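Reading the structure
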Amino acid sequence: MKATELLAAFTQAGKRTHLIGDINAGVVIALDMEGRLFTLKEGIVLNRVNPEAIAGQSTASQYLNPGGDGLWPAPEGTSHGYQYSTGRWRVPPGLRSVRYIITGRNSKEATIEGEIDLINNRGQGIPTVFKRHVKIATTSKNILNVNVRDSITYIGNIELNKKDCLLAPWSLCQFDSGPGCEVVFPYSTKSSVWDLYDESSSKQRRWTKTLCRTVADCKMRYQIALDKKVPWIKFCDHQRGLFVRRSAGKPPEGQSYIDISDASPHVPPSNKRVRYSVYNDPDNFMEIESVGGCPNSILPGTEMSLYTTTSFQLK
């Protein structure tokens, strides 16, 4: 999609956006659509775009996945997650209906924030503020870097213990995908990689001496988790000439990675801790994801933050 078409679609739908940079090197922030980020280069939108989500409105019975780069709360499933508070999978209404406000801006960066009341799968209400600070920079190698500091701040008035509540920022960056697409990342041991759904390694992955290459052709649904030993992940669309590398900073002191898996709300979270994940969907899209950490005790005013640098190159 062209950048001008994306902006026109939001205008027609009556939904607010904010552009940092310009259509040749910039980011559109969808203030009325989950605060999703859409990176632009040479007048083209590099992220996946779902026009139905721009024109329409997600409901409890139908979630219109917007595309772009979104900030969600982790974990997704398990007894501590946020997608099964009604007993079935759904995106929380606070998340899909939040209207972000701009709290700071200049030509190359912006800060947005919005209040979201979460309910975890234990029925516990958790009032929060979601914040995204977005900054762009172009390098000499014709690479557009999008630096994002995502945070979730707990604004409740009681202490939350980790055995009862987990909460971490989770950035999901979506792309159209298909034949000729893969995700590449370095590894030290194969135990750093595991499936979050059914086993997929024999069909999807190829291991070299230092790199793992996992196919992202959308022929099967799978999600893999990567632990803290993996320093970065890179989406490669060889047919389109699009290469996107994500590098996430470590959680702040006192916070640690958690299990983000889309597991049954009847089971507790595991001890496996996720720094990155890769999701491949038969609906012709994929996600490269980064995850922050959670403290043992979430006190009033505690901020869980995640720094992610996403480098875009369009050859």
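These lines cover the structure that appears in this document, whether it is placed above or below. (Residues numbered from 1 in each chain as written. Predicted model: local features only at pLDDT ≥ 70, side-chain atom pairs only at ≥ 80, totals over all residues. Heavy atoms only, no water.)

The next point concerns the sheet that holds strand 8 (residues 125-138). One open sheet accounts for 10 strands, arranged 6-7-8-9-24-18-17-12-15-14; its pairing is antiparallel. Strands with a single pairing partner mark the edges of an open sheet, and in this sheet they are strand 6 (101-105) and strand 14 (205-207). Neighbour-to-neighbour, the strand axes of this sheet turn through a mean angle of 20 degrees, independent of strand direction. Both strand 9 (residues 144-154) and strand 24 (residues 303-314) contribute to a ladder of 10 bridges, which runs antiparallel. (Pairing = 2+ DSSP bridges. Helix = DSSP H or I, 4+ residues; strand = E, 2+ residues; numbered from the N terminus. Axes fitted to C-alpha atoms, helices over the stretch in contact; angles between N-to-C directions.)

Applying the stated criterion across every chain, the model contains two cavities of 30 Å³ or more. Quantified by volume, the largest cavity comes out at close to 100 Å³. If you trace the largest cavity, you find 13 residues lining it, with M33, A53, Q57, S58 and R96 closest to the centre. In this model, the second largest cavity occupies a volume close to 60 Å³. Lining the second largest cavity, in full, are L37, F38, T39, N47, D69, V146, V148, C173, T310 and F312. The greatest single-element share of the lining of the second largest cavity, amounting to three residues, is contributed by strand 3 (residues 36-41). Its residues assigned to classes, the lining of the second largest cavity shows six nonpolar, three polar and one charged. (1 Å grid on protein atoms, 1.4 Å probe; cavity = no way out; pocket = protein on both sides within 12 Å on 5 of 7 lines; lining within 4 Å. Points joined across faces, edges and corners; volume = space filled by probe spheres on them. Nonpolar A, V, L, I, M, F, W, Y, C, P; charged D, E, K, R; others polar.)

This part covers the nonpolar core. Note that soluble globular proteins tend to have their nonpolar side chains buried in a common cluster. Counting residues in hydrophobic clusters, the biggest one holds 71 residues, and the most contacted among them are F175, F185, F235 and I288. Ignoring any residue separated from it by four or fewer positions in sequence, one finds F175 in contact with L46, N47, R48, F235, L242, V244, N284, F285, M286, I288 and F312. (Core = buried A, V, L, I, M, F, W, Y, C linked by side-chain atoms within 4.5 Å. Buried < 20%, exposed > 50% of the residue type's maximum accessible area, 1.4 Å probe, protein only. Contact = heavy atoms within 4.5 Å.)

Remember that the coordinates give geometry; whether it matters functionally is a separate question.
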